[in-house]
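# Tertiary structure, described
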Amino acid sequence: MQGLNRRFEVIVVGAGPAGLSAAYILAKKGFHVVLLERGRGVGSKQVFGGRVYSSLLERVFGSLGDAPIHRWVRRERLSIINGERMLTVEYISGGKYSFTTYLGQLASWMAGKAVEAGAIIVDEVRVDRILVEDNSVVGVESGGDTLKADVVVDAEGANRLLLEELGLVEKPRPSDMALGVKEVIKLGEEKIDERFGLRSGEGAAWILAGSVSAYTPGGGFIYTNKDSVSIGVVVSLESGGLVEEPYRLVESMRLNPLLKDIWREGDIIEYSAHLVPERSVRLIPSKLALNNFLVVGDAAGLLLNTGYTIRGVDYAAYSGYLAANAIVEAEEKYGSYSEEVLRRLYEERLKRSMVFRDIARHKAVEMIWENPTMIKQYAALLLDTLGGLYELGESTPSLRETFKNARRKNKVSLIRVMADLVHGVMKA
Amino acid sequence: MTSIGDKPLRVDDLLQRNVWDVDHRPHITVDTEKCRLCEAKPCITTCPAGCYILAGNKVVFSYEGCLECGACRLICPYNAVKWSYPLSGKGVQYRFS
Amino acid sequence: MHIVVGVKWVPNTQAVRFDPHTGTLIREGVPSIVNPHDLHAVELALKLRERYGGRVTAVTMAPPGAVKGLEHIIGMGVDDAVLLSDRKYAGADTLATSYVIASAIKRMGDVDLIVFGQETIDSSTAHVPAQVASWLEAPYIYYVEEVEAIEDNRIRVRRRLEDLVEWYELEMPAVIAVLMHSQKPRPVRLIHKLRAVLEKPVETWSNEILRLDERCVGLKGSPTVVTKITWMPEVPRKQKIFKGEPKEAVNWLIRRLEEEKILPTCGADKCGEGD
């Protein structure tokens, strides 16, 4: 068994975007790295909304030329739905900033790069515990087997069982987390192009608020993949749990009269669910490193939900990249993976990065977006105003009149509107 | 290609769309004794896989259709859910997510 | 004891759907798995190795992708594995399959016990174990749930049928098929799976190695032809509950069955009379 005598310098736990990025960079730098993944193969347990921003990913992996990109997002849509009425804003983008894919495919692509660079990936293995001796992490435990290494990278994802067991974080409050449920509907490439008004290879990303998620905090999303559409809702868990079963929410979105014809004749090919770190700021561990130990990706709470877009995969990859570089530098310059060194080389740099600053910056927008009564009220206000302008009978009221009527109908004072607007703009 | 139609699918029909390799060992266990004390039973409406159902006033749990999201662990007010991931790569096998 | 455990790499049939319009099975994106019943054979083999020493070799005839399945089994603790893989073996029925497997076992030489699962989830013929025994001229027992080694190179096997338990004594080499659900297959372990990835203990034997007559393998060596596959659509069940005396219940049931035209009308009321 000479293979088992091989000593690993780094163990990475979890083959998601964060763990794979870390393993790839480390292997490229010549480190002996083993990545442990609980799923069968890479990607079989992964769920995300549907879109990845490319810029940070390129920083980690270089060219995305051979990446499994389904469509480059060209059309950005934002809708408010109230019953049978919908207001949609569409922005047509000129550049290539984000693309749609299946996360499992993207992870397999990353895994290919990591293995090519020399990383060892061991799947079907669940890590049960981070091993600590004398106040330092020394390895991991799985089903009674132990595996030791100089440093461990925790990329376990949104459910932080290992970090909780280690005492680095507490079990999150339900209100800090959201639940995303998603259906993938196979429709065919041409139908998608036609129904979303896309040219070949172009994609749409669509965020919906209002009655689509039964006014529960959160919202709906639609992404166009190559020959399928991902639709779903993200709802905050709140302390009392959800009011309506998530599968009913996503099914009522699928059957929403305003939307259902888009995926007419489609076939649901997958139904998935995943936790989303909603209030990231509250979920980021007090320290992102211990002696011989680093935390990356969702486990580090690195996800941004602005209300008009959700970013997680590229942040995860970038944190894995920073962690790997920190390990390389710690070894070269200090010959030590102490907490102090790793926090300086990883945590401080991460916190200085745009990733981290954006997460902190957007918290106000999250709060507004999450406020269900506000969404409901404003949805009605906006749609009543527009309804007054467009749904004409004999008279043709002015914008001022319809807005006033809508405010009266929805019991929103002008002062309130102004205050909320100012508040929102300032905090955003 | 089969059409999905105009009626909401039951959760079982949705789960049937996925690939599964279910282990004989449950990866989650629920101390349903604790559930008797729980009035709210938020697991019933929160679980996206309908793994928690009410039979009369009792919570009945089955792990087979679990999507491994972890919501029940967070939402349970009585810490009745002993939660982990399946071993050996078993459980749900996502292909298009 | 050298134990060979035979496994099959099968599409996860749970995920295979039927397209009623085209009358074909939708296999797109359906991953393959080790036939779940075979994991019970693996478990029994590993238990026997723990009890009596020796080694366990897994064998399968499949395309190269089956290495993943063999690594899963090595992850459970099997020592090594042989993948019998050659384009010439494609399209084989159970006879041609069993011929290749039996030939591989003969080539291994020192095999004492050959263990299979009861049947496969994708075809359920249960032919292969019996046919392998036939090629090897070895004794064969199926529905086995326990094996004990006894003196003179013999084993005693416990076989469970619906309403009785039987014990047989067999001379080794012998072939057994393990009763489905009779074991608790152990999980994949970190150290074993790590070995599966690092040491690559799966050997591939093509027909260059086995040198079997091409007329006896693959499609050419397969007398069985599948002419058509149909699907039994799920029938919505009707439910009615009748409460009353057994005699009334019988009459009531017969009347209902007549109404449904499942039974010919025969004056059901009289049927309950007499005895």
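Note that the coordinates shown come from a computational prediction; the quantities given were computed from them, not determined experimentally.

### Here's the deal with the overall build of chain B
In terms of helices and strands, chain B carries four helices and six strands. Of the regular secondary structure in chain B, the N- to C-terminal order runs α-β-β-α-α-β-β-α-β-β. Its C-alpha atoms give chain B principal-axis dimensions of about 50 × 35 × 20 Å. Split into buried and exposed, the 97 residues of chain B put 62% on the buried side. Across chain B, every contact between residues at least 6 apart in sequence was considered, and the portion connecting residues at least 24 apart equals 65%. Of the roughly 4,400 Å² of accessible surface on chain B, a fraction of 52% belongs to carbon and sulfur atoms.

### Remarks on unusual backbone geometry
For the bond from Met172 of chain C to Pro173 of chain C, the omega torsion is 0°, close enough to zero to count as cis. Counting through the fold element by element, Pro173 of chain C comes out in the loop between β11 (165-171) and β12 (174-178). Although it is not a glycine, Asn292 of chain A adopts a positive phi angle of roughly 65°. Position of Asn292 of chain A among the secondary structure elements: in the loop between β16 (289-290) and β17 (293-295). Even without a glycine there, the phi angle at Ser124 of chain C is positive, about 55°. As for its placement among the helices and strands, Ser124 of chain C is situated in the loop between β8 (113-117) and α4 (127-136). By relative accessible area, Ser124 of chain C is classed as partly exposed at 38%.

### Notes on the interface of chain C and chain A
Counting residues at the interface gives 15 residues for chain C, matched by 21 residues for chain A. Surface buried jointly by chain C and chain A totals about 1,600 Å² across both partners, of which 60% is contributed by carbon and sulfur atoms. Ranking the residues of chain C by area buried against chain A places Leu190, Leu194 and Leu198 of chain C at the top, with a combined share of 37%. Our enumeration of links across chain C and chain A arrives at four salt bridges. One salt bridge in this structure joins Asp145 of chain A and Arg189 of chain C, with 2.5 Å as the shortest N-O distance. Mapped onto the side of chain C that touches chain A, the elements with two or more residues apiece are α2 (67-76) and α5 (190-198) of chain C. The leading source of residues in the side of chain C that touches chain A is α5 of chain C, at seven residues. Looking at the side of chain C that touches chain A residue by residue, the class counts come to seven nonpolar, one polar and seven charged.

### As for the sheet that holds β11 of chain C
Residues and elements named next belong to chain C. Spatially, the nine strands line up as an open sheet ordered β11-β10-β9-β12-β8-β1-β6-β7-β13, and their pairing is mixed. The outermost strands of the open sheet, each flanked by one partner alone, are β11 and β13 (202-205). Neighbour-to-neighbour, the strand axes of this sheet turn through a mean angle of 30°, independent of strand direction. Across four bridges, strand β7 (residues 80-84) lies against β13 in parallel orientation. By the bridge assignment, Leu83 is partnered in β13 with Thr204. Here α4 sits on the sheet and contacts β8, β9 (140-150) and β12; the angle it forms with β8, its principal contact strand, is near 160°.

### Some points on the packing of aromatic side chains
Scanning the model with the defined rule gives 13 aromatic pairs over all chains in all. When the centroid spacing of 4.8 Å and the interplanar angle of 55° are considered together, the rings of Tyr99 of chain C and Trp135 of chain C count as tilted. Placement of Tyr99 of chain C in helix α3 (residues 94-108) and of Trp135 of chain C in helix α4 is noted, with a sequence separation of 36 residues between them. Relative accessible area serves as the criterion here: at 34%, Trp135 of chain C is assigned to the partly exposed category. For Arg77 of chain A, the ring lying beneath its charged end belongs to Trp206 of chain A, and the centroid distance is 4.8 Å.

### With respect to the state of the cysteines
Following the criterion strictly, the structure yields zero disulfides over all chains and no others. Residue Cys72 of chain B stays outside any disulfide, its sulfur separated by 6.4 Å from that of Cys47 of chain B, the closest cysteine.

### Regarding the pairing of strand β10 (residues 145-154) of chain A
All names here are of chain A. Across the ten residues of β10, seven count as buried, placing the element largely inside the fold. In this structure, strand β1 (residues 8-13) lies alongside β10, joined through five bridges in parallel fashion. Its bridge partner lying in β10, Phe8 is registered against Ala149. As defined by bridge partners, strand β9 (residues 136-142) adjoins β10 across four bridges and the pair is classed as antiparallel. If you follow Val140 over to β10, its bridge partner there is Leu147.

### Regarding the domain arrangement of chain C
Split by domain assignment, chain C resolves into domain 1 (2-221) and domain 2 (237-275). Here the C-alpha centre of domain 2 of chain C lies 48 Å away from the C-alpha centre of domain 1 of chain C.

### Looking at the pairing of strand β2 (residues 33-36) of chain A
All names here are of chain A. Alternating residues of β2 divide into Val33 and Leu35 and Val34 and Leu36, and every residue in both groups is buried. Judged from the four bridges that link them, β1 and β2 form a sheet pairing that is parallel. If you follow Val10 over to β2, its bridge partner there is Val33. As a crossover connection, the stretch from β1 through helix α1 (residues 17-28) into β2 is right-handed.

Calculation criteria
- Residues numbered from 1 in each chain as written.
- Chains lettered and ligands numbered in written order.
- Predicted model: local features only at pLDDT ≥ 70, side-chain atom pairs only at ≥ 80, totals over all residues.
- Heavy atoms only, no water.
- Helix = DSSP H or I, 4+ residues; strand = E, 2+ residues; numbered from the N terminus.
- Buried < 20%, exposed > 50% of the residue type's maximum accessible area, 1.4 Å probe, protein only.
- Contact = heavy atoms within 4.5 Å.
- Areas by Shrake-Rupley, 256 points an atom, 1.4 Å probe, with all protein chains shown as cover.
- Buried area = accessible area lost by both parts, 1.4 Å probe.
- Salt bridge = Lys/Arg side-chain N within 4 Å of Asp/Glu carboxyl O.
- Nonpolar A, V, L, I, M, F, W, Y, C, P; charged D, E, K, R; others polar.
- Pairing = 2+ DSSP bridges.
- Axes fitted to C-alpha atoms, helices over the stretch in contact; angles between N-to-C directions.
- Phe/Tyr/Trp six-rings, centres within 6.5 Å; stacked < 30°, edge-to-face > 60°.
- Lys NZ or Arg CZ within 6 Å of the ring centre and 35° of its normal.
- Disulfide = S-S within 2.5 Å.
- Domains from an automatic or database assignment.
- Right-handed = clockwise from strand over helix to strand, strands pointing away.

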